[in-house]
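Understanding the architecture of this molecule
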Amino acid sequence: MSAQTAPTASASGKGSLKIILGAAAAFVVVGAIALDTKVVRIGSESDIRQQAFSPETFGAEQFPKIKADIEKRATAAIDLAAAIAADKKAAGEKYGVATSTGPVIAVTLTGTFGARKSNTSEMKIDGMPPETVVRVQTGPAVNGTDLRDATGTIEFGQFTNQIQYQDAGSAINSEMKKAVFAGLDPDQLEGKTATVVGVFKLINPKNWLVTPVKVDVK
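Residues numbered from 1 in each chain as written. Predicted model: local features only at pLDDT ≥ 70, side-chain atom pairs only at ≥ 80, totals over all residues. Heavy atoms only, no water.

**Some remarks on the layout of surface pockets**
Considered as a void within the structure, the second largest pocket measures approximately 170 Å³ in volume. What lines the second largest pocket is a set of 13 residues, and nearest its centre among them are Thr99, Ser100, Arg148, Asp149 and Tyr165. Here the residues of the lining of the second largest pocket sort into four nonpolar, five polar and four charged. (1 Å grid on protein atoms, 1.4 Å probe; cavity = no way out; pocket = protein on both sides within 12 Å on 5 of 7 lines; lining within 4 Å. Points joined across faces, edges and corners; volume = space filled by probe spheres on them. Nonpolar A, V, L, I, M, F, W, Y, C, P; charged D, E, K, R; others polar.)

Here it is, written out as structure tokens:
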């Protein structure tokens, strides 16, 4: 009888050892997970960052701030034209916000709308150099990221990738269209006097493409 019970005791000991080793391994895994886990409090800054990026929300929040900043800094077109003619680089540094493709400058235009072509309307401004063409984006399509880049406070590093950065610019343009183009018939602008506040990128000093934040038709 004693010869038959010895193997049973040995097998039981091995089983217990496996259980102990398994429990120890599980403890190590759980501990590692705990060390690698960050607790995020709901509503905290970290929680906000982890939420999905919404271009629409971003655009709605940022456009009023951008508009106010542009209106505050806008310089009369005639004064800008004179400064650019005297020294393009110095004018860009004084009046503009630097970008990789040229400074974005805030401007105030007062003149008469001319011919409309490809989502833009030309504007004739008394006192401007005759060789300088000024066009205002009047929609429905609005191109470029001048509004996004106008203040210098929105940078690529704030976003996860280039797609989000581009979407942010498009969303700001969309908010501008809601605010500025509502009730504005671009096909009926020719011949009308208006004051426009907006921005343009100084690349060709003789060709300004202005993205508006405000259009007051007389």
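**Here we look at helix α4 (residues 77–86)**
Within α4, the full set of buried residues consists of Ala77, Leu80, Ala81 and Ile84. On an axial view of α4, the arc spanned by its buried residues comes to 100 degrees, and they lie on one face. Buried-residue contacts for α4 involve β1 (75–76), α5 (88–95), β3 (104–117), β6 (193–201) and β7 (207–217). (Buried < 20%, exposed > 50% of the residue type's maximum accessible area, 1.4 Å probe, protein only. Helix = DSSP H or I, 4+ residues; strand = E, 2+ residues; numbered from the N terminus. Arc of directions from axis to C-beta. Contact = heavy atoms within 4.5 Å.)

**So, the side chain of Glu175**
Within the fold, Glu175 resides in helix α7 (residues 162–180). Assessed through its relative accessible area of 18%, Glu175 is described here as buried. Apart from the residues within four sequence positions on either side, Glu175 is in contact with Glu56, Gly59, Ala60 and Phe63.

**A word on the packing of aromatic side chains**
Here the structure, examined in full by the defined rule, presents six aromatic pairs. Each ring, one from Phe53 and one from Phe58, has its centre 5.9 Å from the other, and the planes form 55 degrees; the classification is tilted. Residue Phe58 is classed as buried on the basis of its relative accessible area of 12%. Considering the side-chain rings of Phe58 and Phe159, the 5.4 Å spacing of their centres and the 75 degrees angle between planes classify their relative orientation as edge-to-face. Residue Phe58 is found in helix α3 (residues 55–73), and its partner Phe159 is found in the loop between α6 (146–149) and α7; the two are separated by 101 residues along the sequence. Residue Phe58 shares its accessibility class with Phe159, and that shared class is buried. The rings of Phe53, Phe58, Phe156, Phe159 and Tyr165 are connected pair by pair, giving a single aromatic cluster. (Phe/Tyr/Trp six-rings, centres within 6.5 Å; stacked < 30°, edge-to-face > 60°.)

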